[in-house]
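Residue-level structure breakdown
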Amino acid sequence: MAHDVVIGIDLGTTATKVVAYQADGAAVAEASNGYPLEEPSPGRAEQDPRLILDAIYRGLRDVVAEIGADRVRGLSFSSAMHSIMALDSDQEPLTPVLTWADTRAEVEAETLRQGERGLALHQRTGTPVHPMSPLVKISWFRAHEPDMFGRAAMWVGIKDWILARMTGELVTDHSLASAMGLMDIHRLAWDEEALEIAGITADQLPTLVPTRYVLEGLSPEAASATGIARATPVVVGAGDGPLANLGVGAVHPGVAACSVGTSGALRIAVDRPAVDSRGGVFCYALTEDRWVIGGAINNGGVVLDWVRSELASGDAGLSTAQLLDEAMTVPAGSGGLVMLPYLLGERAPRWGGVARGAYVGLTRSHRRAHLVRAAVEGVALQLTLVKDAMIEAGFEIGEIRATGGVMKHEMWRQTLASAFGSAIGFPESSEGSGFGAALLGMEALGMIESIDVAADMVPIEGTTEPVPADAAVYAELLPVFEELYDVLLPANEALQQVASRLPLAH
């Protein structure tokens, strides 16, 4: 029993991570497999669901080969939120997976958000009325691809389809459902008005189940592809955002979790669902009695990936770490250069409008190091706006714990702490969502008494304090950074209209 493991499977935007955890929190084996995020035209961000399923199977095979199938007590899932895809009557995909980053439904979202029903819908479903929302994505298909819309038997998230392939049951958990814009978070039931707006029925959505719900065993396909016994239970799990809080031990009121991977988010745990009167925050379920409130941004590490690819591609072999080392030679504020990091649009805290990336204040004296530093600072300043919105909404933040791949570098740690003006603790493990999934699975399978143990199971490897001089610079830049969103909005809206008629390449 002491050597039994639960395997946490974290379906991310660009890779799936598979990690086996013992009940004491020790990770004993792991694997990661990537897949592309396709952007075939402006506003579209899609994935092939079969590539994601293959990445899961490969990861599970590698982990099982290392530890042995007999140690696997169960599987438990985490998933990126806001994905949607259409299935035919045989549960085969009719569309790619539309990810959270897909913004094709901007017009539908803005029309609904500014209408009479927008704020009430947000407060009832917990999901901001934004292009990321599956509700408005389905509405887009209804308006723009009516033939395909008419053939769709089911609308599901990527984890729902994966679980159906791996277990034979088509269900969705309350956590991911709370991020669809289609579920009443106060009743834990599909919302009739939201369904009417989307033009679908409850029968076209998976069965709602708790995040601790246990599916009894694997399909023949999954057992054969992974080497795991067919009788192995599968815990449905939850969304990666709420599970990231659990995975870093931020499960008590006032403790915030900040995660920066491809995207980013800041969240705190509460014991009942709620959305503030202005609709500045989201509210998603972790369990039926534990919720997270906060805001997500579209652009985290993906911004630096773009900078490295497009601005430093001429330096063969130049690593991201080397770029960041170079950027640290530049003082805070990047010599008056500001980057609006909205390469994939933006979400919190505005949840609306047309956001596009920009460098503002660029002069001939700025070097590559300034452009790199400004990119990191832009992400940190956007997260600071989210933090301020949460505080303005009445949610106290006493402690911040941060995780995510980019946080391994001191540049990101120091910039974020100084922008926040707060100390940030960094857990030893950066696998917050995967560990959270495993902990939820352990509770569901009776291996631990409660997920509350997470607060004591996650050691903090170090704390980064803000640099007072840098914090003062960022405090001065923040209102300028925020104002630029509004100043550039008319130009971005006009450019969007022009861009819709222009090819991206020959």
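Here, the structure is the one placed above.
First, a word on scope: everything that follows refers to the structure included in this document. Treat the numbers as computed from the prediction; the structure is a model and nothing was measured.

Following Ala-348, the chain continues to Pro-349 via a peptide bond in cis, the omega torsion being -5 degrees. Assignment of secondary structure puts Pro-349 in the loop between β19 (338-340) and β20 (358-360). Located in the positive-phi region is His-82, a residue other than glycine, with phi close to 75 degrees. Tracing the backbone through its elements, the reader meets His-82 in the loop between β5 (72-79) and β6 (85-87). In this structure His-82 comes out as buried when scored by relative accessible area, which is 5%. The phi dihedral of Gln-91 falls on the positive side, at around 65 degrees, and the residue is not glycine. Mapped onto the elements, Gln-91 comes out in the loop between β6 and β7 (97-98).

Here Glu-46 lies in strand β4 (residues 46-47). One polar contact links Glu-46 to Arg-104, side chain to side chain, over a distance of 2.6 Å.

A separate point is the environment of Leu-324. Along the chain, Leu-324 falls in helix α12 (residues 320-327). Placed 133 residues apart in sequence, Leu-324 and Asp-191 show a C-alpha to C-alpha distance of 46 Å.

With 108 residues, the main nonpolar core has Trp-155, Leu-182, Trp-190, Cys-258 and Trp-412 as its most contacted residues. What Cys-258 contacts, discounting residues up to four positions off in sequence, is Ala-265, Leu-266, Leu-383, Ile-400, Arg-401, Ala-402, Thr-403, Leu-416 and Phe-420. The next biggest cluster of nonpolar side chains, apart from the first, holds 43 residues, and it includes Ile-9, Ala-55, Phe-77 and Leu-215.

Using the criterion set out here, one finds 25 salt bridges in the structure. When the shortest N-O distance is used, the salt bridge between Glu-193 and Arg-117 registers 3.4 Å. Here the residue Glu-193 occupies a position in helix α8 (residues 192-198), and Arg-117 occupies one in the loop between α2 (106-114) and α3 (118-125), the gap between them amounting to 76 residues. A salt bridge links Glu-221 to Arg-165, with the nearest nitrogen and oxygen atoms 2.8 Å apart. In this pair, Glu-221 sits in helix α9 (residues 220-226) while Arg-165 sits in helix α6 (residues 158-167), placing the two residues 56 residues apart along the sequence. One salt-bridge network, in which partners are shared between bridges, spans Arg-117, Arg-124, Asp-191, Glu-193 and Glu-196.

About the thresholds
- Residues numbered from 1 in each chain as written.
- Predicted model: local features only at pLDDT ≥ 70, side-chain atom pairs only at ≥ 80, totals over all residues.
- Heavy atoms only, no water.
- Helix = DSSP H or I, 4+ residues; strand = E, 2+ residues; numbered from the N terminus.
- Buried < 20%, exposed > 50% of the residue type's maximum accessible area, 1.4 Å probe, protein only.
- Polar contact = N/O pair within 3.5 Å; in protein donor to acceptor, adjacent residues only side chain to side chain.
- Core = buried A, V, L, I, M, F, W, Y, C linked by side-chain atoms within 4.5 Å.
- Contact = heavy atoms within 4.5 Å.
- Salt bridge = Lys/Arg side-chain N within 4 Å of Asp/Glu carboxyl O.

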